[in-house]
Amino acid sequence: MNRTEKTPLLEVKKLEIGFTQYFKGTQKRTIKPIADLHVDIHEGEIVAVVGASGSGKSLLAHAVLGILPGNAICKGQIMYCGEELTDERKIQLRGKEISFIPQSVNYLDPLMPVGKQVQIGLEKSQAKKKQQELFCQYDLQENTSNLFPYELSGGMLRRVLFATSVREGVRLVIADEPTPGIHPQALSEILKQLKKFADAGAGVMLITHDIMSALEIADRMAVIKDGRTVEISEASAFEGKGEGLQTDYTRRLWRALPQNDFDLEFRAEGGTELCP
Ligand SMILES: Nc1ncnc2c1ncn2[C@@H]1O[C@H](COP(=O)(O)OP(=O)(O)O)[C@@H](O)[C@H]1O
Ligand SMILES: [Mg+2]
């Protein structure tokens, strides 16, 4: 059976997210940063969600996880294994079947040693041993386990975050910008780890602005701009001059990368906060 015949693990359709805000004291207005997003992820597949800063990548992740702020108004459909992902199911599955690797290291508790934080959610009798294995896997020395987040470097904190987020039995991994501030060896380790999840049958949503790293592991790339899905293409279409890509926007984005033509005009239009 090919991908299109199977029920996707996750399917987001026509997602809209707005926020009600008060201004001048009592007047209310609604802003709508997400206007029309769609994406689907199958078992064993890695879909990279790429887009400039502010395009709505984290909101997409937060909508799937059910962790949008209280003033958010969310419309559209989110299906998980063919059934609607209701708020109740989101709570049930979050941190278990659906694992989240957040963007900010501020998700870590500043008052708890990092080793303890990695042990949360692990079975008690095995927790210490598992934590040690995870530390080893993420290139963290065992003697850092008693340290507090402020005592660790940014790259180490990212790896701790990864170790706290990933549990056995996970079917969908949502990684929000897991790579910034990470040294190259750990970067490749993290990409490898995400790949391993997919090889074991999990679906992976890799949110990033780093197109080249995403292409190392992604099966498909979803390009989003100003809260809309512009294009979803096979990763293999990102090659040459982008002849296989569907939209002019994505083609220009691709060609603006330093590795390609370094399209200065597109850069000057501000189209490529995405490009290093
Ligand atoms: N709580 C919020 N209230 C109002 N606007 C928000 C809120 N969170 C995010 N936004 C807006 O939504 C847009 C998309 O945000 P986000 O998903 O964080 O972008 P990305 O992760 O792609 O950088 C941004 O313009 C941001 O200002
Ligand atoms: Mg973000």
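Fair warning: this is a prediction, and the values are worked out from it, not measured in the lab.

(A) Molecular detail of the overall build of the chain. Helix and strand content of the chain: nine helices and ten strands. Along the longest, intermediate and shortest principal axes, the C-alpha atoms of the chain span 55 × 50 × 45 Å. Counting only residues that meet the buried cut, the chain has 47% of its 276 residues in that class. Counting contacts in the chain only where the partners sit at least 6 residues apart, residues at least 24 apart contribute 62% of the total. Carbon and sulfur atoms make up 50% of the accessible area of the chain, which totals about 13700 Å².

(B) Structural view of the packing of aromatic side chains. Per the counting criterion, the structure on display carries three aromatic pairs. Ring geometry for Tyr138 against Phe162: centres 5.2 Å apart, planes inclined by 55°, an arrangement best described as tilted. Of this pair, Tyr138 sits in the loop between helix H4 (127-137) and helix H5 (154-165) while Phe162 sits in helix H5, and the two are 24 residues apart along the sequence. Grouping residues by exposure puts Tyr138 and Phe162 together as buried. The ring of Phe23 has Arg29 lying over it, and the distance from NZ or CZ to the ring centre is 4.5 Å.

(C) Expanded view of the pairing of strand S6 (residues 98-101). Of the two faces of S6, the one carrying Ile98 and Phe100 and the one carrying Ser99 and Ile101 are both buried. Bridge count between S6 and strand S7 (residues 172-176): four bridges; the pairing is parallel. Bridging from a neighbouring strand, Ser99 pairs with Val173 of S7.

(D) Quick peek at the domain arrangement of the chain. Split into domains, the chain comes out as domain 1 (3-97 + 169-268) and domain 2 (106-166). Inter-centroid distance (C-alpha atoms) of domain 1 to domain 2 is 26 Å.

(E) Just the site of ligand 1, in detail. Among the 13 residues in the neighbourhood of ligand 1, the closest are listed as Gly54, Gly56, Lys57, Ser58 and Leu59. Within the backbone of Gly56, an N or O atom sits 3.0 Å from an oxygen atom of ligand 1. Within the backbone of Lys57, an N or O atom sits 2.9 Å from an oxygen atom of ligand 1. Out of a free accessible area of 570 Å², ligand 1 has 65% covered by protein chains. Contributions of two or more residues to the shell around ligand 1 are made by strand S1 (10-23), strand S2 (27-41) and helix H1 (57-65). Top element by residues in the shell around ligand 1 is H1. It accounts for three residues. Split by residue class, the shell around ligand 1 holds six nonpolar, six polar and one charged.

(F) Spatial organisation of the nonpolar core. The biggest cluster of nonpolar side chains holds 46 residues, and the ones touching the most others in it are Phe162, Leu194, Phe197, Leu206, Ile211 and Met221. Of the domains in this structure, domain 1 (3-97 + 169-268) and domain 2 (106-166) are the two that each give at least three residues to this core. Ignoring any residue separated from it by four or fewer positions in sequence, one finds Ile211 in contact with Val50, Met221, Leu253, Trp254 and Leu257. Ranked by size, the runner-up nonpolar core spans 32 residues in total, among them Leu37, Ile41, Ile78 and Ile174.

(G) Quick peek at the environment of Phe100. Examined against the element boundaries, Phe100 turns out to sit in strand S6. Placed 91 residues apart in sequence, Phe100 and Leu9 show a C-alpha to C-alpha distance of 15 Å. If sequence neighbours within four positions are ignored, Phe100 has contacts with Ala61, His62, Leu65, Ile67, Tyr107, Ser165, Ile174 and Asp176.

(H) Representation of the pattern of salt bridges within the structure. In this structure the tally under the stated criterion is 13 salt bridges. For Lys32, the salt bridge goes to Glu16, with nearest N and O atoms at 2.9 Å. With a gap of 16 residues between them, Lys32 in strand S2 and Glu16 in strand S1 connect regions that are remote in the sequence. The exposure class assigned to Lys32 is partly exposed, which follows from its relative accessible area of 48%. With its nearest N and O atoms 3.7 Å apart, the salt bridge here joins Arg159 to Asp139. Taken as a pair, Arg159 in helix H5 and Asp139 in the loop between H4 and H5 lie far apart in primary sequence, 20 residues in all. You can call Asp139 partly exposed: its relative accessible area is 42%. Salt bridges linked by common partners bring Asp40, Glu45 and Arg220 together as one network.

Cut-off values and rules
Residues numbered from 1 in each chain as written. Chains lettered and ligands numbered in written order. Predicted model: local features only at pLDDT ≥ 70, side-chain atom pairs only at ≥ 80, totals over all residues. Heavy atoms only, no water. Helix = DSSP H or I, 4+ residues; strand = E, 2+ residues; numbered from the N terminus. Buried < 20%, exposed > 50% of the residue type's maximum accessible area, 1.4 Å probe, protein only. Contact = heavy atoms within 4.5 Å. Areas by Shrake-Rupley, 256 points an atom, 1.4 Å probe, with all protein chains shown as cover. Phe/Tyr/Trp six-rings, centres within 6.5 Å; stacked < 30°, edge-to-face > 60°. Lys NZ or Arg CZ within 6 Å of the ring centre and 35° of its normal. Pairing = 2+ DSSP bridges. Domains from an automatic or database assignment. Near = heavy atom within 4 Å. Polar contact = N/O pair within 3.5 Å; in protein donor to acceptor, adjacent residues only side chain to side chain. Nonpolar A, V, L, I, M, F, W, Y, C, P; charged D, E, K, R; others polar. Core = buried A, V, L, I, M, F, W, Y, C linked by side-chain atoms within 4.5 Å. Salt bridge = Lys/Arg side-chain N within 4 Å of Asp/Glu carboxyl O.

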